[in-house]
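Report on the structure
For reference, the chains in residue letters:
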Amino acid sequence: MLKQDDRPRERAYFQKIKVKDAVGLTLGHDITEVRPGEYKGPSFRKGYKVQEGDLCHLMRLGKRHLYVMDLNENQIHEDEAVIELANALAGPGVTFEAEPREGKIQLIAAYDGLLKVQVDPLTEFNLIPDVMCASIHNNTPVKKGLPLAGTRAIPLVIERDILDQAVSVATASFPIFAVKAFNTVSTRLIITGNEVSEGLIEDRFEAIVSRKLAAYGSTLAETAILPDDQDEISSMVRYFLEAGSDLIITTGGMSVDPDDVTRLGIRGAGVDRVHYGAAVLPGAMFLLAYKGDTPIVGIPACGLYHPTTVFDLILPRLLAGELLTTRDLARLAHGGLCLDCATCRYPACSFGKTG
Amino acid sequence: MQDFETLLKNSAEVHGHLCPGQIVGVRMAMLGCELIGLNNPRQLPQIKKIIVYVEIDRCATDAIAYVTGVKLGRRSLKFIDNGIMAATFINLETNRAFRIRSTEKSRELITDYAPEIKDKHLRQLEAYKQMPTDLLFKIQTVDVKIPIHNMPGPTRFKTICQNCGIAVRDKKEVYQNEEILCRSCAFGAYYRILGKKNHANAGALKAFNYEPPFRKTPC
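Residues take numbers from 1 onward in each chain, read along the sequence in its written order. As they are written, the chains are lettered A onward and the ligands numbered 1 onward, keeping that order. Residues qualify for local features only when their pLDDT is at least 70, as the model is predicted, and side-chain atom pairs are given and counted only at 80 or more; totals for whole chains, interfaces and linings, by contrast, use all residues.

**Quick notes on the overall build of chain A**
Spelled out, the test is: Only DSSP runs of H or I reaching four residues or more are called helices, and only runs of E reaching two or more are called strands; each is numbered from the N terminus. What counts as a contact here is a pair of residues whose C-beta atoms, placed from the backbone, lie within 7 Å.
Helices and strands together make up the secondary structure of chain A, namely 12 helices and 20 strands. Seen through its principal axes, chain A has C-alpha atoms that stretch 90 × 45 × 35 Å. The long-range fraction of contacts in chain A, counting pairs at least 24 apart against all pairs at least 6 apart in sequence, stands at 68%.

**What about the overall build of chain B?**
Short version of the rule: Every C-beta atom is placed from the backbone, and the number of other C-beta atoms within 10 Å of a residue's own sets its class: buried at 20 or more, exposed at 12 or fewer, partly exposed in between.
Helix and strand counts for chain B come out as eight helices and nine strands. In chain B, which comprises 219 residues, the proportion classed as buried is 36%. Pairs at least 24 residues apart make up 62% of the contacts formed inside chain B by residues separated by at least 6 positions.

**Here's the deal with the environment of Thr184(A)**
All names here are of chain A. Here Thr-184 is to be found in the loop between β14 (177-180) and β15 (186-192). Since 15 C-beta atoms lie within 10 Å of it, Thr-184 is described here as partly exposed. Sequence separation between Thr-184 and Ser-218 is 34 residues, and the spatial gap between their C-alpha atoms is 5.1 Å. With near-sequence residues (within four places) excluded, Thr-184 lies in contact with Gly-217 and Ser-218.

**Side note on the nonpolar core**
Basically, it comes down to this: By convention in this section, buried Ala, Val, Leu, Ile, Met, Phe, Trp, Tyr and Cys residues joined through C-beta atoms within 7 Å make up a nonpolar core.
Counting 92 residues, the largest nonpolar core has Leu85(A), Leu89(A), Leu107(A), Phe177(A) and Val179(A) as the members making the most contacts within it. With seven residues, helix α11 (residues 310-319) of chain A is the largest single contributor of residues to this core. The residues touching Leu89(A), leaving out its near neighbours within four places in the chain, are Leu107(A), Cys133(A), Ala149(A), Thr151(A), Ala170(A), Ile176(A) and Phe177(A). In terms of nonpolar packing, the next biggest core, distinct from the first, is built from 42 residues, Ile51(B), Val52(B), Tyr53(B) and Tyr66(B) among them.

**Let's talk about the packing of helix α1 (residues 4-15) of chain B against helix α3 (residues 59-68) of chain B**
Residue and element names in this part refer to chain B. Rule in force here: Angles run from 0 to 180 degrees between N-to-C directions of axes, and those axes are lines fitted to C-alpha atoms, restricted for helices to the stretch in contact. With respect to orientation, any angle under 35 degrees is reported as roughly parallel, any angle over 145 as roughly antiparallel, any angle of 65 to 115 as roughly perpendicular, and every other angle as oblique. With the far helix as reference, a near helix turned anticlockwise by less than a right angle produces a left-handed crossing, and one turned clockwise produces a right-handed crossing. All residues other than Ala, Val, Leu, Ile, Met, Phe, Trp, Tyr, Cys, Pro, Asp, Glu, Lys and Arg, Gly among them, are scored as polar; the first ten of these are nonpolar and the last four charged.
At a minimum axis distance of 9 Å, the contact between α1 and α3 shows a crossing angle of 120°. As judged from the angle between their axes, α1 and α3 are oblique. At the point where α1 passes α3, the crossing takes the right-handed sense. Note on element contacts: α3 touches α1 through Cys-59, Asp-62, Ala-63, Tyr-66 and Val-67, opposite Leu-7, Asn-10, Ser-11, Val-14 and His-15. When its residues are assigned to classes, the contact of α1 with α3 shows six nonpolar, three polar and one charged.

**A look at the sheet that holds strand β12 (residues 147-153) of chain A**
Residue and element names in this part refer to chain A. Our working rule: The criterion for strand pairing is that DSSP finds at least two bridges linking the strands in question.
Taken in spatial order, the four strands line up as β7-β8-β12-β10 in an open sheet, and their pairing is antiparallel. The open sheet is flanked by β7 (94-96) and β10 (131-135), the only strands paired with a single partner. Going from strand to strand, the sheet's axes swing by 25° on average, the running direction of each strand aside. Note: β7 against strand β8 (residues 104-109), three bridges, orientation antiparallel. From the neighbouring strand, Thr-95 faces β8, where its bridge partner is Ile-108.

**Focus on the domain arrangement of chain A**
All names here are of chain A. As a reminder of what qualifies: Source of the domain bounds: an automatic or database domain assignment.
You can read the domains of chain A as domain 1 (10-69), domain 2 (75-180) and domain 3 (186-331). Each partner contributes to the interface: domain 2 provides five residues, whereas domain 3 provides four residues. Looking at side-chain class alone, the side of domain 2 that touches domain 3 contains two nonpolar, two polar and one charged residues.

**Considerations on the interface of chain A and chain B**
Taken together, the contacts link 20 residues of chain A with 20 residues of chain B. Secondary structure elements with two or more residues in the side of chain A that touches chain B: α3 (78-89), β7 and β14 of chain A. With three residues, β14(A) is the largest single contributor of residues to the side of chain A that touches chain B. Across the side of chain A that touches chain B, the residue classes break down as 11 nonpolar, seven polar and two charged.

**Some remarks on the packing of α1(B) against helix α2 (residues 20-35) of chain B**
Residues and elements named next belong to chain B. Contact geometry of α1 with α2 gives a least axis separation of 10 Å together with a crossing angle of 125°. One way to sum up the angle between α1 and α2 is to call them oblique. For the element pair α1 and α2, the recorded crossing hand is right-handed. Facing Phe-4, Leu-7, Leu-8, Ser-11, Ala-12 and His-15 of α1, the residues of α2 in contact are Gln-22, Ile-23, Val-26 and Met-30. Of the residues contributing to the contact of α1 with α2, the split by class is seven nonpolar, three polar and no charged.

**With respect to the sheet that holds strand β20 (residues 294-299) of chain A**
All names here are of chain A. The six strands lie next to each other as β16-β15-β17-β20-β19-β18, forming an open sheet whose pairing is mixed. Each edge of the open sheet carries a strand with a single partner, namely β16 (219-226) and β18 (273-276). Between one strand axis and the next, the sheet turns by 15° as a mean value, whatever way the strands run. Relative to strand β17 (residues 247-251), β15 runs parallel, the two being bridged by five bridges. Considered in β17, the bridge of Leu-189 is made with Ile-249. Packing of helix α7 (residues 205-214) onto the sheet brings it into contact with β15, β16 and β17, and relative to β16 it is tilted by some 160°.

**What to know about unusual backbone geometry**
In the segment running from Phe174(A) into Pro175(A), the intervening peptide bond is cis, with an omega of 0°. Turning to its location among the elements, Pro175(A) is positioned in the loop between α5 (160-172) and β14. With an omega of 0°, the peptide bond running from Leu44(B) to Pro45(B) counts as cis. The phi dihedral of Asn95(B) falls on the positive side, at around 65°, and the residue is not glycine.

**So, helix α8 (residues 230-242) of chain A**
An α-helical segment advances 3.6 residues per turn. Residues three or four places apart therefore align on the same side. Residues and elements named next belong to chain A. Under the convention used in this document: In a helix, the anticipated span is given by 1.5 Å times the number of residues less one.
Taking 1.5 Å of rise per residue, the 13 residues of α8 would be expected to cover 18 Å, and the 18 Å separating its terminal C-alpha atoms lies within 8% of that figure. Buried residues in α8 make contact with β15, β16, β17, α9 (262-268) and β20. At the exit of α8 stands Gly-244, carrying a positive phi of roughly 90°.

Now the structure itself:
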């Protein structure tokens, strides 16, 4: 259903008048000037109030008539309205362009971090007639300057009470858009597996985990390689916790084979809660445990073979300081299926876009 | 705009000495202003129409600031710490912007333009005065999206750091671990406080003390 009827409302505000009569009135459109080899662009912008001194300039540009807008105090031009909308939508870590372009303003990331979108309030905002805001997905890692959302007043002129209503909905749930900065965390890695521990194969997990951490500004403080031994894994988790780790990552041993004891080792370390299993493919046997606020992550072996897994969805949220629950892991279901493309395009795909 | 020699003399006086950087900076700024169509940027109304991004903090930067009249306090001078002898000149009214970079080639050409001068320093000065613009500079037409929080004008955004209680203006706060923090509290400060810390205001802060609407008055 469209939010508004298709009446050509704009026409009511436009008036075609002679240039000489335009002083003090507001232009309804941009006026482009071309000076060959020198300049092409708008000499006068939509919304500009025509001055006495502009008349000669306009005549030189060949203008004999103009569309002007005749607005009353309850009617707000789209370029003015959209600044109010953007201001109400942009929370901490979110800024926006100073000048609307074609009536739109882009909200952009003020720094690198994790985009947080309050989806339900955003929907409420979009239920208000004559305004809109479209965004990228919640929980997307973003770089400084990346466009996060675009907003605009839909008609050329919006009524003040509707604009106020939209601003009110946005500020009531403020911030609808925010960017959480990533923490630089002290991370330690436990690689489990008899085959690696005994030197039968060379570990590849450390390089993968290091690279993924580095993307968010963190590095590995320490790495341990252990056999599939529940007690040794428990001891090492405890040791790493006491060493002051902010994040502990374990790899391998998450499956159901008799030698897959990593999750038992994590449980045995005296953690407070364990979430085993995530609604994501690849990564169904993912584990997330907490000791206090310190997360302990278990990456299943799929992390070696697939470029993008559940770990890529969870890691930025942990680095942004989020405490995740079983429900958070279950919510990943919608959008949790990786299509395993020949060339991975993540994050420019449906993977992890839980809506 | 005043002539080159007058601008150079005054710029060198403000900067503290006459050096090659002054000549490069004055020439770059005069060229930048010409490209964006401003001939009197140090005074109203043009003073409100110009923003310059400089990419280095060396002698030329002061010359650029002098000629164009841009200042940090007016928010018309932006410093991007790239270590590159370049500056971007923006006309806010027309949105025209040009990035001008001093070429490395120009340094090699010094002897070609003032070979008769034996003193290296004086030879540099004269050569940079004589060198054609296309050898001295590389010019790029660019588009610069300036976010609203970096625009001149009254303070539009202000919040309070939930850790130290200090006011943070212009969207420079950081949202970290459910808290709105100043950059020093979020990422660490460039200074180390000697003696006792003073976080007297921190306890009185609410959990989420953020001011979304525009502030109407400067603060």
